[in-house]
Amino acid sequence: MHQRTIYLDHAATTPVRPTVLEAMLPYFSETYGNPSSIHRTGRGANVALQKARQTLAELLGARPAEIIFTSCGTESDNAALRGIALARRTATGARRIITTPIEHKAILQTAEELRDRFGFTLTLLPVNGEGVVQIDALAEALADPSEVAVVSVMLANNEVGTVEPLAALGALCREAGVPLHTDAVQAGGKLDLNVAALQVNAMSLGAHKFYGPKGVGLLYLRSGTPFQPFMTGGSHEGGRRAGTENVPLIVGMAKALELAEAERASEGPRLRLLRDRLIGGVLEGVEGAALTGSATSRLDNHASFVIDGADAEGMLIALDLVGVAASSGSACASGANRPSHVLDALGISPARAAGALRFSLGASTTPADIDYVLERLPAIVERVRS
Ligand code: PLP
């Protein structure tokens, strides 16, 4: 058994940075108050909560009151889609939800539930073979904007790494007067998250993708965007998400995004070099391997493939045995043994999708790690094929 783990699954989750953990610790048992309490213990926690809100708002180019703390990216996606769709239906009668077939299930299943249980209609915008959402298709779908309750398009795809043309889509939505939400969970700490540049009304993030803790996320909600909360029971978060705020985790999320943003300009190009070395090496060294997603509009840390005739699970187990942690695409869908809905939307057959392999690089990744994978993978593929 290989000793050191070469962790190449940062799209699934990342370790908490030591400085992030350190920033969180006082808020578990020293400054542990309820931030809604009047007394000194509560006020101390509230100061930390509002400071984290301020930091995160500045990093996104938003106002503090536009940040809603949640428990994860999934909750943020749910809150955005349900919250905006239902409020817009009440206010305007609009009943159409426009999204894409490559969204995370947090969006797709929520959209399907809104269709099946709440009478919305669903339009899925086509994507091309690289997973890029077609801008013309959105223009067409917005032909009668009065029908449209909300549009949701992810900023970057988790399975194939494609980065979507959000600003262009946002400009169309703004012109039509329809709110646009983006699931930016995979983009956190990796792409510019300025909400004005992206032209979005709402954006979901989850801290555990950028070296923050699990169990905390945020929803940016532009002021004035219609919103109906689905967590009720208190006036926390401006009445938009009831529940005592998780101060230590929120402090950790703010610290983590602050550090990730500060390093983005240097870490992005470093990872891109390693990513391209990995992509080039796999395409050259593994017969029958093809890149999935876009070669150009792609997350810096993301390399995904389909490998003909090699079963994903077999490859992942064999890689694990030599100390490499990778994924077939989506940690959430693994074990489900169903072909990926994302690869299907890209026109990849179920037979080819069965050989999906994703490596997502991160802070710990070195050139030697990439070389090690490139050295081991061809033989692993051969073994799994036979
Ligand atoms: N959206 C995308 C694109 C993701 O990749 C993920 C997680 O993998 C989620 C949403 C869900 O985020 P969380 O794990 O924080 O609930």
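Residues numbered from 1 in each chain as written. Predicted model: local features only at pLDDT ≥ 70, side-chain atom pairs only at ≥ 80, totals over all residues. Heavy atoms only, no water.

## A word on a nonpolar patch on the surface
The grouping of Val 16, Leu 21, Leu 25 and Phe 28 at the surface amounts to a nonpolar patch, some 340 Å² of accessible area in total. Secondary-structure assignment places Phe 28 in helix α2 (residues 26–29). (Patch = residues over 30% accessible without salt bridge, like charges linked within 9 Å, V, L, I, M, F, W, Y side chains within 5 Å. Areas by Shrake-Rupley, 256 points an atom, 1.4 Å probe, with all protein chains shown as cover. Salt bridge = Lys/Arg side-chain N within 4 Å of Asp/Glu carboxyl O. Helix = DSSP H or I, 4+ residues; strand = E, 2+ residues; numbered from the N terminus.)

## Focus on the sheet that holds strand β10 (residues 302–307)
Strand-to-strand pairing in sheets goes through backbone hydrogen bonds, with the strands running parallel or antiparallel. The strand order across the open sheet formed by three strands is β9-β10-β12, and the pairing between neighbours is antiparallel. Sheet topology places β9 (289–291) and β12 (356–360) at the edges, where each strand pairs with a single neighbour. Each strand axis lies, on average, 30 degrees off the axis of its neighbour in the sheet, ignoring direction. Pairing analysis gives three bridges linking β9 to β10, with the strands arranged antiparallel. Each residue of the ladder has a partner; that of Ala 289, found in β10, is Ile 307. (Pairing = 2+ DSSP bridges. Axes fitted to C-alpha atoms, helices over the stretch in contact; angles between N-to-C directions.)

## Thoughts on the sheet that holds strand β5 (residues 148–152)
Pairing is mixed in the open sheet, where seven strands are placed in the order β2-β8-β7-β6-β5-β3-β4. Looking at which strands have only one partner, the edges of the open sheet turn out to be β2 (67–70) and β4 (121–124). Averaged over all pairs of adjacent strands, the angle between their axes in this sheet comes to 20 degrees, without regard to strand direction. With two bridges joining them, β5 and strand β6 (residues 180–183) adopt parallel strand pairing.

## Topic: the site of the ligand
Around the ligand, a shell composed of Cys 72, Gly 73, Thr 74, Asp 77, His 104, Met 154, Asn 158, Asp 183, Val 185, Gln 186, His 208 and Lys 209 is seen. Separating an oxygen atom of the ligand from a side-chain N or O atom of Thr 74 is a distance of 2.6 Å. Asp 183 places a polar side-chain atom, nitrogen or oxygen, 2.6 Å from a nitrogen atom of the ligand. Considering every element that reaches the shell around the ligand, the biggest residue donor is helix α4 (residues 73–92), with three residues. Grouping the constituent residues of the shell around the ligand by class yields three nonpolar, six polar and three charged. (Near = heavy atom within 4 Å. Polar contact = N/O pair within 3.5 Å; in protein donor to acceptor, adjacent residues only side chain to side chain. Nonpolar A, V, L, I, M, F, W, Y, C, P; charged D, E, K, R; others polar.)

## What to know about the packing of aromatic side chains
Following the criterion strictly, the structure yields one aromatic pair and no others. Between Phe 305 and Phe 359 the ring centres are 6.4 Å apart and the planes differ by 65 degrees, which places this aromatic pair in the edge-to-face class. Here Phe 305 is found in strand β10, whereas its partner Phe 359 is found in strand β12, with 54 residues between them in sequence. Classification of Phe 305 by relative accessible area gives buried; the value is 1%. (Phe/Tyr/Trp six-rings, centres within 6.5 Å; stacked < 30°, edge-to-face > 60°. Buried < 20%, exposed > 50% of the residue type's maximum accessible area, 1.4 Å probe, protein only.)

## A closer look at the pattern of salt bridges
According to the stated counting rule, one finds 17 salt bridges in the structure shown. The partner of Glu 237 in a salt bridge is Arg 53, and the shortest N-O contact between them spans 2.8 Å. With Glu 237 in helix α9 (residues 236–239) and Arg 53 in helix α3 (residues 40–60), the pair connects residues that are 184 residues apart, well separated along the chain. The same class applies to Glu 237 as to Arg 53, namely buried.

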